[in-house]
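Reading the structure
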Amino acid sequence: MRKKISKLLSRVLVSIVFLMGMGLTPAGLAQEYTKPEPPKNYKGDMKLYVTESTPDWTPYIRKKAPEGAPNILFILFDDTGMATWSPYGGRVNMPTLDKLAADGLTYTQWHTVALCSPTRSCILTGRNHNLNGMGSITEGANGFPGYSSHIPEEAATMADVLRDNGWSTFWLGKDHNVPETDLSSGANKMQWPLQQGFDRFYGFIGGETNQWYPDLVQDNHYIEPPYTPEQGYHLSKDLADQAINMISDQKQANPSKPWFMWYCPGANHAPHQAPQEYIDKYKGKFDDGYDAYRAWVLPRMIAKGVLPKDTKLTDLNFMPKDQANPGDYVRPWNTLNADEKKLFSKLCEVFAGFSEYTDVQIGRIIDHLKKTGQYDNTIILYAADNGASGEGSPNGSVNENKFFNGFPDALAENMKLIDKLGGPDTYEHYPTGWAAAFSTPFKMFKRYSNYSGGTADPLIICWPKGIKARGEIRNQYYHAVDIVPTILEICGLQMPASYNGVPQWPLSGVSMRYTFDAKPDAPTQKHIQYYAMLGTRAIWQDGWKAVAVHAPLTGVGNLDKDQWELYHVDADRSESKDLAKENPEKLEALKKLWFDEANKNFVLPIDDRSALIQANIPRPSEEAETDSYTYYAHASAVPEAVAVNIRGRSYKIVANIEIKDANCSGVIFAHGSRFGGHSLFIKGHKLYYVYNFLGIKPEQQLMSAELKPGKYTVGMEFTREKAGEHQESIGTMKLYVNDQMVAQGPMRAQVGKFTLVGDGLCVGWDSGDPVSDQYKSPGTFTGGIIDFVTVSTGKIEYLDLEKEAKRKLLEE
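Definitions and cut-offs
- Residues numbered from 1 in each chain as written.
- Predicted model: local features only at pLDDT ≥ 70, side-chain atom pairs only at ≥ 80, totals over all residues.
- Heavy atoms only, no water.
- Helix = DSSP H or I, 4+ residues; strand = E, 2+ residues; numbered from the N terminus.
- Rg over C-alpha atoms; globule rule 2.2 N^0.38 Å.
- Buried < 20%, exposed > 50% of the residue type's maximum accessible area, 1.4 Å probe, protein only.
- Contact = heavy atoms within 4.5 Å.
- Polar contact = N/O pair within 3.5 Å; in protein donor to acceptor, adjacent residues only side chain to side chain.
- Pairing = 2+ DSSP bridges.
- Core = buried A, V, L, I, M, F, W, Y, C linked by side-chain atoms within 4.5 Å.
- Axes fitted to C-alpha atoms, helices over the stretch in contact; angles between N-to-C directions.
- Disulfide = S-S within 2.5 Å.
- Salt bridge = Lys/Arg side-chain N within 4 Å of Asp/Glu carboxyl O.
- Expected span 1.5 Å × (residues − 1).
- Phe/Tyr/Trp six-rings, centres within 6.5 Å; stacked < 30°, edge-to-face > 60°.
- Lys NZ or Arg CZ within 6 Å of the ring centre and 35° of its normal.

1. Digging into the overall build of the chain
- When helices and strands are counted, the chain shows 16 helices and 27 strands.
- Taken against the 2.2 N^0.38 rule, which gives 28 Å for 812 residues, the C-alpha radius of gyration of the chain at 29 Å falls within 12% of a compact globule.
- A principal-axis box enclosing the C-alpha atoms of the chain has dimensions of 90 × 90 × 55 Å.
- Residue burial in the chain is summarised as follows: out of 812 residues, 59% are buried.
- Counted over contacts in the chain with a minimum sequence separation of 6, partners at least 24 positions apart contribute 73%.

Right, dumping it as structure tokens:
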């Protein structure tokens, strides 16, 4: 033994001498000692005894905000056109926002990027959305620099700057700026809120979530909601509670320290869900229909000063047939039958109730600020991230996930649920007609960055201590990228030229601060803004706007053949009169300017392919792709973006379980929700497999005979045989107990995702909303043991997979 050790040491020494001769030092070996230096600005001395030394705390004292610095509360709603809310003349009552408008300024020409992730990135960093890598939503990332869904190091966030300069920073609600592949508990969290400059986070990460059963994150980890809908839970209420708690915690510990809170409720994004008493407040208020609403709201907007007197109402369904997206068509109200009118009106009542309920919860935060003496020196910005959403299709939907699966809604199916709209049993979205109505007087809606229906959004700013004007209008043209420069100027700060050693890109926007003291029609200090989204394009310069006629997500391509329009929006706010023929030179100059801006901002190449194609683009993951995945009981839910992908494929599920007593029951495996998903579970001593296709009843189900206590290998297999009318997978499902097939039957499966976010893959329980109506969440597996669950999409036969699982079972 001694000889072996001696030989080994000799070899190590020879290796060290060789490496040192080459000027290399093996890791872990002592290098030449360099005395460490104290921090650069340390002024104290360090003698032998502490009593003889003078400490200097200067390098370790946190930078304080300027005296009298304001708190900042930015409230950002989703999917809300300018003609929606009461301060702008709309029919949706917003009591809190009405008070803030009366106490501050209402902006009439503030614009967004026409989609949520991109707009939110602009408000985070002050750079254009493509510079932020957010040329689309994160689910549409395609790997090009402007569409990576990764905010680059060259774009430090406003929260970074504020936190470094003495503000506490809080983010509540929606975060739709984390790459899909970084959503899981074990993923890299560099793009999560706490790594983007925020001290605290409470909300959901992704595009949307169920308001009754949200997919919650607290700081850096997933949690379950604190109570249930039956106990009064709703996300809008929970977020307000958490916001008040965060402010209270901060003020009792650091009363002199200002705070910045980015408050992003789930409203008004689908699913539209609200307490029944708020839905009932709007009963019958939309029975006149969306065509009548457009005619009704325009004069009210003009009377409030939101629009110029001569603003014209634009046409619906104006896009050329070779460009139009059929899913964005608006059905004329007078062509609907009685059931359709009843359904469409009710869908809008739910939306309105959802919006008002959320505003009332925000009112509790404002009341707290007033009670604690913080209101006067809190600058409150209340806005929306893009125009009203047309993702509900021309017919509306009780399950918005159908839109993302390319599957149409059926009126008869939807009418069955009309009395449950807004509750936990539905995941609804109103039809395109209401999106157009709430975008009055402009053309189109969300996703259309070329027209103001997609980009013109409400913005109200209230700051009693810093704004003398009360209840006034501001007509200057501004954009989401102008928020960061505005707030930094108010706080006496600048975006650093370098952050964490990384040179920073300049801010894309300009400050709006001067408008606080300006006249309503004072000249705009912004001069240029490009637009690009999902194939749509436009550019604004000094009151003129060039628009490429192209619909989003059509896959039409031929962008070089797009027709361009020209509008003088200073004189024609609704973009109703095309001046391209009268001013061809102006149009050509603006088209050239668009390409100049595109080249500066990573806009190219443009992707107008369908939502289904973009959502299923393969994206790199930290884990190598495989055709077999193993999951373990009672771990955190695995987000769909990083879970096994069974979409459009044959697949098998195999689990090793032990039934310990006769009352064994619960979920073995579940992924999705009542609005689309599948689950393997035990109930009444029997094994069940349920595939819930887009929430359409009846559930597709297989069932075994009763299982006695003992060890089992159980599972199922789906064999895809063809594509259906809407590209859904058609095939056969089989249920197995050990090596015996115990049931089989026909099945159809989704080719799109179960959800945009949340309701991830679980073993031993079902997160959020249950997949099947045969059990309630969490459906925890009890009375037995689950060793593991394997899901395979490979060519291996089910029985071979079962044999491997059985071998592991026998080894225990």
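2. Description of the side chain of Thr536
- Tracing the backbone through its elements, the reader meets Thr536 in strand β14 (residues 536-541).
- Owing to a relative accessible area of 1%, Thr536 belongs among the buried residues under this scheme.
- Side chain to side chain, Thr536 and Ser449 meet in a polar contact 2.6 Å long.
- Of the polar contacts made by the side chain of Thr536, one reaches the backbone oxygen of Met533; its length is 2.6 Å.

3. Things to note about the pairing of strand β3 (residues 168-175)
- Counting buried positions along β3 gives eight out of eight residues, so the element sits mostly inside the fold.
- Where β3 and strand β7 (residues 259-264) come together, six bridges link them in parallel fashion. Within β7, the residue paired with Trp171 across the bridge is Trp262.
- As defined by bridge partners, β3 adjoins strand β4 (residues 200-205) across six bridges and the pair is classed as parallel. From the neighbouring strand, Phe170 faces β4, where its bridge partner is Arg200.

4. Overview of the sheet that holds strand β19 (residues 666-673)
- Strand order in the open sheet made by the five strands is β22-β21-β20-β19-β26, with antiparallel pairing throughout. Of all strands in the sheet, those with a lone pairing partner are β22 (700-706) and β26 (762-763), marking the two edges.
- By the bridge criterion, seven bridges tie strand β20 (residues 676-683) to strand β21 (residues 686-692) in an arrangement that is antiparallel. Residue pairing across strands places Gly677 opposite Asn692, the latter belonging to β21.

5. Quick word on the nonpolar core
- In terms of nonpolar packing, the biggest core is built from 88 residues, with Leu73, Phe77, Met261, Tyr263, Tyr382, Trp434 and Phe438 touching the most fellow members.
- Leu162, Tyr478, Met512 and Phe516 belong to the second largest nonpolar core, which has 59 residues in total.

6. Examining the sheet that holds strand β27 (residues 784-792)
- One open sheet holds the six strands; their spatial order is β17-β27-β18-β23-β24-β25, and the pairing between them is antiparallel. Across the chains shown, the open sheet's two edge strands, defined by having one partner strand only, are β17 (628-631) and β25 (740-749). The sheet shows a mean angle of 15 degrees between the axes of neighbouring strands, taken without regard to direction.
- Taken together, the four bridges between β17 and β27 define a ladder with antiparallel strand orientation. For Ser628, the partnering residue across the bridge sits in β27 and is Ser792.

7. A closer look at the state of the cysteines
- In this structure the tally under the stated criterion is zero disulfides.
- Cysteine Cys462 is unpaired, with the sulfur of Cys491 as its nearest cysteine sulfur at 16 Å.
- Note on Cys462: relative accessible area 1%, which makes it buried.
- You can see Cys664 has no disulfide; the closest cysteine sulfur is in Cys762, sitting 18 Å from it.

8. What to know about unusual backbone geometry
- Between Leu604 and the following residue, Pro605, the backbone shows a cis peptide bond with an omega angle of 0 degrees.
- Tracing the backbone through its elements, the reader meets Pro605 in the loop between α14 (584-600) and α15 (611-615).
- The peptide bond linking Lys697 to Pro698 adopts the cis configuration, its omega dihedral lying at -5 degrees.
- Within the element layout of this structure, Pro698 appears in the loop between β21 and β22.
- Despite not being glycine, Glu575 shows a phi value in the positive range, around 60 degrees.
- Relative to the assigned elements, Glu575 resides in the loop between β16 (564-568) and α14.

9. Here we look at the pattern of salt bridges
- According to the stated counting rule, one finds 35 salt bridges in the structure shown.
- Note that Lys592 and Asp596 form a salt bridge whose closest N and O atoms lie 3.3 Å from each other. Highlighted residues: Lys592 and Asp596, both in helix α14, separated by four residues, approximately one helical turn.
- For Asp596, a relative accessible area of 30% puts it in the partly exposed group.
- The closest approach of N and O atoms between Lys660 and Glu658, which form a salt bridge, is 3.8 Å.
- Each of Asp79, Asp328, Glu391, Lys446 and Arg447 takes part in a single network of salt bridges with overlapping partners.

10. A look at helix α5 (residues 235-253)
- If you check α5, its first and last C-alpha atoms are 27 Å apart, about what 19 residues at 1.5 Å a residue would give, namely 27 Å.
- Taken together, the buried positions of α5 are occupied by Leu235, Ser236, Asp238, Leu239, Ala240, Gln242, Ala243, Ile244, Met246, Ile247, Gln250 and Lys251.
- On its buried face, α5 is in contact with β1 (71-77), β3, β4, β5 (216-218), β7 and α8 (338-371).

11. Comments concerning α8
- Taking 1.5 Å of rise per residue, 34 residues should cover 50 Å, and α8 covers 49 Å from first to last C-alpha, within 8% of that figure.
- Within α8, 25 of the 34 residues are buried, leaving the element largely enclosed by the surrounding structure.

12. Notes on the environment of Val556
- Mapped onto the elements of the fold, Val556 is located in the loop between β15 (544-548) and β16.
- Overall, the relative accessible area of 30% leaves Val556 in the partly exposed class.
- Sequence spacing of Val556 and Asp322 is 234 residues, and the spatial spacing of their C-alpha atoms is 8.1 Å.
- With residues up to four places along the chain from it excluded, the contact list for Val556 reads Asp322, Gln323 and Asp608.

13. Here we look at the packing of aromatic side chains
- A full pass over the atoms with the stated rule returns 38 aromatic pairs.
- The interplanar angle of 65 degrees and the centroid separation of 6.2 Å between the aromatic rings of Trp333 and Trp434 together place this pair among those described as edge-to-face. Here Trp333, found in the loop between α7 (290-303) and α8, pairs with Trp434, found in helix α11 (residues 432-438); they are 101 residues apart in sequence, far enough to count as distant.
- Since its relative accessible area comes to 8%, Trp333 is described here as buried.
- A connected cluster of aromatic rings, assembled from ring pairs, spans Tyr282, Phe286, Tyr290, Tyr293, Trp296, Trp333, Phe351, Tyr430, Trp434 and Phe438.
- Between the NZ or CZ atom of Lys285 and the centre of the ring of Tyr282, over which it lies, the distance is 5.5 Å.
- Its end group placed over the ring of Trp594, Arg537 keeps NZ or CZ at 5.2 Å from the ring centre.

No statement about biological role is implied by the geometric values presented.
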